[in-house]
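# Fold and contact review
Below are the chains, spelled out letter by letter.
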Amino acid sequence: NAGVTQTPKFQVLKTGQSMTLQCAQDMNHNSMYWYRQDPGMGLRLIYYSASEGTTDKGEVPNGYNVSRLNKREFSLRLESAAPSQTSVYFCATTAYSGTGSNYGYTFGSGTRLTVV
Amino acid sequence: AQSVTQLGSHVSVSEGALVLLRCNYSSSVPPYLFWYVQYPNQGLQLLLKYTSAATLVKGINGFEAEFKKSETSFHLTKPSAHMSDAAEYFCAVASSASKIIFGSGTRLSIRP
């Protein structure tokens, strides 16, 4: 089925450890996004990639890095995990036309990360 | 900058009652507006979207939303709540062709 696949679904890290969250889409979309979701705060944009080869910071980029490996894949890396990065992470993708319309996002099922 | 405000972090209604979830937006240009639903332990799913074609937008599962420019609102309604509607709902506005800003969410509970 077409969609957005995130791995892993669950992860527990110790403070200071590193890890990479993977995201792949088979929808042939240009844009990909990483959000984190925390209770009462909605979704906050970490990084996004408007097209292959480009990445930009979102609202809360500190402590994260990203790589747009190709059109399909967009990974999020935590170099030195901190308890404040305990959250649910969502990858999303969208297609949008050159005239500026936005079709809305398709989301992955999320990665639940706990940093102890 | 564009933003959305969802009024009420938690709404509880009886099964069969009207569902009304409130969303107000701020935008200096004609916005694209969305409602998403998130069921427990799942990702977000698009319910409906407003892209200026019609002010009353119908979505999945019997939900609809009306765009009111004069009130800068995009409230979500459903005439008769079902137990399966229990979830968290997010209003969102597109700030450009490539980014969407989300509200803080409203958790909908349904009483038997």
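Residues numbered from 1 in each chain as written. Chains lettered and ligands numbered in written order. Predicted model: local features only at pLDDT ≥ 70, side-chain atom pairs only at ≥ 80, totals over all residues. Heavy atoms only, no water.

Of the pairings in the sheet, the one linking strand β2 (residues 10–14) of chain B to strand β11 (residues 106–111) of chain B comprises five bridges and is parallel in character. Across the sheet, the residue bridging to S12(B) is S109(B), located in β11(B). (Pairing = 2+ DSSP bridges. Helix = DSSP H or I, 4+ residues; strand = E, 2+ residues; numbered from the N terminus.)

Applying the stated criterion across every chain, the model contains 17 aromatic pairs over all chains. Seen from their ring centres, Y33(A) and Y48(A) are 6.2 Å apart, and the 20° between their planes marks the pair as stacked. Linking Y33(A) in strand β4 (residues 31–37) with Y48(A) in strand β5 (residues 43–49), this pair joins segments that are 15 residues apart in sequence. For the pair shown, Y33(A) and Y48(A) are each scored as buried. Relative to F67(B), the ring of Y50(B) has its centre 4.2 Å away and its plane inclined at 15°; by these criteria the two rings are stacked. With Y50(B) in strand β5 (residues 44–50) and F67(B) in strand β7 (residues 64–68), the pair connects residues that are 17 residues apart, well separated along the chain. An identical accessibility class is assigned to Y50(B) and F67(B); each is buried. (Phe/Tyr/Trp six-rings, centres within 6.5 Å; stacked < 30°, edge-to-face > 60°. Buried < 20%, exposed > 50% of the residue type's maximum accessible area, 1.4 Å probe, protein only.)

Before going further, it helps to spend a moment on the state of the cysteines. Residue and element names in this part refer to chain A. Taken as a whole and assessed by the stated rule, the structure comprises two disulfides over all chains. Across the disulfide, C23 is cross-linked to C91 (sulfur-sulfur distance 1.9 Å). Taking the torsion about the sulfur-sulfur bond, which here is approximately -75°, the covalent link between C23 and C91 counts as left-handed. Placement of the pair is C23 in strand β3 (residues 19–25) and C91 in strand β9 (residues 87–94), with a sequence separation of 68 residues. (Disulfide = S-S within 2.5 Å.)

So, on to the environment of I46(A). Residue and element names in this part refer to chain A. Residue position: I46 is located in strand β5. Its relative accessible area of 0% is what places I46 among the buried residues. Distance from I46 to N28, taken between C-alpha atoms, is 22 Å for residues 18 residues apart in sequence.

Turning our eyes to something else, we now look at the interface of chain B and chain A. Across the boundary between the two partners, chain B contributes 21 residues, which contact 21 residues of chain A. Linking chain B with chain A are zero salt bridges, by the criterion used here. For the side of chain B that touches chain A, the elements supplying multiple residues, two or more each, are β4 (32–38), β5, β9 (87–94) and β10 (100–102) of chain B. (Contact = heavy atoms within 4.5 Å. Salt bridge = Lys/Arg side-chain N within 4 Å of Asp/Glu carboxyl O.)

The next point concerns the side chain of Q85(A). Residue and element names in this part refer to chain A. Mapped onto the elements, Q85 comes out in the loop between β8 (74–78) and β9. For Q85, a relative accessible area of 5% gives the class buried. Setting aside residues up to four positions removed in sequence, Q85 forms contacts with R36, N62, G63, Y64, L78, S80, L113 and V115.

The next point concerns the side chain of S75(A). All names here are of chain A. Looking at the element boundaries, S75 is found in strand β8. On the basis of relative accessibility, which here comes to 8%, the residue S75 falls in the buried class. Setting aside anything within four residues of it in sequence, one finds S75 in contact with T20, L21, Q22, W34, N65, V66, S67 and L69.

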